[in-house]
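An overview of the molecular structure
One-letter residues, chain by chain:
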Amino acid sequence: MTTLTAVHAGLGSPSSTELLAGRLTASAQRLLPDARVRTVHLRDLARDVADNLVTGFPSARLREALAEVVDADALIAVTPTFNASYSGLFKSFVDVLDPGSLEGKPVLIGATGGSERHSLVLDHAMRPLFAHLKAIVLPTGVYAASSDWGAEGLPGRIDRAAGELADLLTGRPAPAKRSGEDFVPFDRLLAER
């Protein structure tokens, strides 16, 4: 049985970060109906994470959350955007993971923020973080600005990312490209200018 663990660092209850994690998880679960899904709410573990950073010893609750992340077949990791990067709580949780514990693990990344201007948090903060940990970061990450909620593009991006995760976990080949989506090498684009 496939196990998915969603980790989110939303601070409010509810929060847009929690909502995005939930939608990504629901979409993945539709494609992987036999998967067991767990969610780690970092907000509930903030003091445990801080104590672990100071003492080096995880509480029972934190140890359980870390095991859910490490033992999962794949992760869905979502953070709010703070100062053009992941939140301190999100990074602190990642810092208490054992080195190498995410090696080879598929990770679907997501982030939320108040403005579209912060969408590069996926490629300039989250993707390098998980690449450093030797995780397999999926090609499509999902950023949701405040204006994306209720807009038509967000559900398609969520489904695309969840589809990539399901394809990787089941060994299914990626779907064939539709007309107009062919890859054009950068040098050819320059030559055609």
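Summary of the structure given here. (Residues numbered from 1 in each chain as written. Predicted model: local features only at pLDDT ≥ 70, side-chain atom pairs only at ≥ 80, totals over all residues. Heavy atoms only, no water.)

**Section: the overall build of the chain**
Looking only at helices and strands, the chain has seven helices and seven strands in total. Start at the N end of the chain and walk to the C end: the helices and strands fall as β-α-β-α-α-β-β-α-β-α-β-β-α-α. Taken over 193 residues, the chain has a buried fraction of 44%. For the chain, the proportion of contacts with a sequence separation of at least 24, taken over those separated by at least 6, is 77%. Carbon together with sulfur atoms contributes 53% to the accessible area of the chain, which is approximately 10,500 Å² in total. (Helix = DSSP H or I, 4+ residues; strand = E, 2+ residues; numbered from the N terminus. Buried < 20%, exposed > 50% of the residue type's maximum accessible area, 1.4 Å probe, protein only. Contact = heavy atoms within 4.5 Å. Areas by Shrake-Rupley, 256 points an atom, 1.4 Å probe, with all protein chains shown as cover.)

**A short note on the packing of aromatic side chains**
Scanning the model with the defined rule gives two aromatic pairs in all. Between phenylalanine 90 and phenylalanine 130, the ring centres sit 6.2 Å apart and the planes meet at 70°, which makes this aromatic pair edge-to-face. Residue phenylalanine 90 is found in helix H4 (residues 88-95), and its partner phenylalanine 130 is found in helix H5 (residues 121-132); the two are separated by 40 residues along the sequence. Through a chain of ring-to-ring contacts, the aromatic side chains of Tyr86, Phe90 and Phe130 assemble into a single cluster. (Phe/Tyr/Trp six-rings, centres within 6.5 Å; stacked < 30°, edge-to-face > 60°.)

**Description of the nonpolar core**
Among the nonpolar cores identified, the biggest contains 34 residues, and Leu42, Val69, Phe90, Phe93, Met126 and Phe130 are the most heavily contacted of them. Listing elements by their share of this core, those giving two or more residues are helix H3 (60-71), strand E3 (74-82), H4, strand E5 (106-113), H5 and strand E7 (142-145). When residues in this core are grouped by element, the largest group, six residues, is from H5. Setting aside residues up to four positions removed in sequence, phenylalanine 130 forms contacts with Ala77, Phe90, Leu102, Val107, Ile109, Ala135 and Val137. Membership of the second largest hydrophobic core comes to 21 residues, among which are Leu32, Ala35, Ala162 and Leu165. (Core = buried A, V, L, I, M, F, W, Y, C linked by side-chain atoms within 4.5 Å.)

**Concerning the side chain of threonine 5**
With respect to the helices and strands, the residue threonine 5 is situated in strand E1 (residues 3-8). Given the relative accessible area of 0%, threonine 5 is considered buried.

**A closer look at the pairing of E3**
On a regular strand, each side chain points to the face opposite its neighbour's, so the side chains alternate between the two faces of the sheet. With eight of nine residues buried, E3 lies mostly within the body of the structure. Looking at chain direction, E1 and E3 are connected through five bridges and run parallel. Looking at the pairing, leucine 4 lines up with alanine 74 of E3. Summarising the sheet, E3 and E5 pair through six bridges and their orientation is parallel. Opposite proline 80, over in E5, you have threonine 112 as the bridge partner. By the bridge criterion, two bridges tie E3 to strand E4 (residues 85-86) in an arrangement that is antiparallel. Within E4, the position partnered with threonine 81 by the bridge is tyrosine 86. (Pairing = 2+ DSSP bridges.)

**Thoughts on the pattern of salt bridges**
The final tally for this structure, using the stated rule, is six salt bridges. Between lysine 91 and aspartate 95 there is a salt bridge; the shortest N-O distance is 2.5 Å. Here aspartate 95 and lysine 91 lie together in helix H4, a separation of four residues that amounts to about one turn. Where arginine 160 meets glutamate 164, a salt bridge forms, and the shortest distance between an N and an O atom there is 3.6 Å. With arginine 160 and glutamate 164 both in helix H6 (residues 153-170), this residue pair falls four residues apart, about one helical turn. With relative accessibility at 57%, the residue arginine 160 sits in the exposed group. (Salt bridge = Lys/Arg side-chain N within 4 Å of Asp/Glu carboxyl O.)

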